[in-house]
Amino acid sequence: MRRHLIVGNWKMNKTASEAVAFIRDVRERMPASPHADVVIAPPFTALESARNALGPSSWIGLGAQNIHWETHGAFTGEVSAPMLRELGCRYVIVGHSERRTLFGERDEAIQKKVQAALKHGLSPILCVGESLTDREAGRTESVVTAQISNSLTGLTRGDLANVTIAYEPVWAIGTGRAATTEQAVTVHRLIRLFVEAGWNRETASAIRILYGGSVTPQNVESLLASDAIDGALVGGACLNPDSFATILRLAQIPRA
Ligand code: PGA
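Residues numbered from 1 in each chain as written. Predicted model: local features only at pLDDT ≥ 70, side-chain atom pairs only at ≥ 80, totals over all residues. Heavy atoms only, no water.

(A) Looking closely at the packing of aromatic side chains. Under the criterion given, the structure shown has three aromatic pairs. Note on W10 and F22: the rings are 5.0 Å apart at their centroids and 75 degrees apart in plane angle, and the pair reads as edge-to-face. Residue W10 is located in the loop between β1 (5–9) and α1 (16–29), and its partner F22 is located in helix α1; the two are separated by 12 residues in the primary sequence. You can call W10 buried: its relative accessible area is 0%. Ring pairs connect the aromatic residues W10, F22 and F244, which therefore count as one cluster. (Phe/Tyr/Trp six-rings, centres within 6.5 Å; stacked < 30°, edge-to-face > 60°. Helix = DSSP H or I, 4+ residues; strand = E, 2+ residues; numbered from the N terminus. Buried < 20%, exposed > 50% of the residue type's maximum accessible area, 1.4 Å probe, protein only.)

Given below as structure tokens:
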């Protein structure tokens, strides 16, 4: 069975020293590894301090929030996959809705980022999700599956083994209005069917599909109780050590 994966997306929060203090605090609250995979994604500027604070064999993995698809060159302000690998990152969030809406990222760029991540040994966490207008117009399925097919086109089954999909309805992000478990499960199931149709059943049953959008200690248990939901991408509630550790504890629901 797929292990739960909890990813804390810090967005543009915490300096390097705040990151170190946060990691210490979470570790005190949670000294042993939970029965779930855990990743934190601090801003670029805090990655090195976070890596040092975590140590070489920590149960908390390190991820970045974005990458450029080229390895190096004249791309002012950008950071590449090899740079992130050297800092100890194993994961990278790609195509977050804030990148799409605030920074104009399109599926073509997201596809190149996914490919670059895989090529350099980073596991991409591909974010997809519909806006409220899309949902109200009945376009959830077509929007989400188009984002997935445009971003994952050309990938092999082996590649897919290193990809995570995060379903994050845009209307649920940072709004305090999470999708209901039922709404999330419906979309997770159609994503899995879409992966099955595009690759095969084995790939579809192995891929982890996370839910993101106003996940809190209050709603995480009900979301993770479903077999369709393999973990959470947490924004606001991952910034506080107490609420993050509580989410990690609640993620330890045994899976059949
Ligand atoms: P939120 O953010 O938990 O604050 O809604 C989730 C995300 O943007 O990944």
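(B) Main features of the sheet that holds strand β2 (residues 37–41). The strand order β1-β2-β3-β4-β5-β6-β7-β8 describes a closed barrel built from eight strands, whose pairing is parallel. Strand-to-strand, the axes of this sheet are offset by a mean angle of 25 degrees, without reference to chain direction. For strand β7 (residues 208–212) and strand β8 (residues 231–234), the ladder comprises two bridges, and the chain directions are parallel. The residue bridging Y211 from the neighbouring strand is A232, located in β8. (Pairing = 2+ DSSP bridges. Axes fitted to C-alpha atoms, helices over the stretch in contact; angles between N-to-C directions.)

(C) Fine view of unusual backbone geometry. With a phi close to 55 degrees, K11 is a non-glycine residue in the positive phi region. The class for K11 is partly exposed, based on a relative accessible area of 22%.

(D) Summary view of the site of the ligand. Every one of the 13 residues lining the ligand counts as a neighbour, but K11, H96, E168, G174 and S214 are closest to it. E168 places a side-chain nitrogen or oxygen 2.7 Å from an oxygen atom of the ligand. A distance of 2.8 Å separates an oxygen atom of the ligand from a polar atom in the backbone of G235. Burial of the ligand by the protein amounts to 94% of the accessible area it has alone, namely 280 Å². (Near = heavy atom within 4 Å. Polar contact = N/O pair within 3.5 Å; in protein donor to acceptor, adjacent residues only side chain to side chain. Areas by Shrake-Rupley, 256 points an atom, 1.4 Å probe, with all protein chains shown as cover.)

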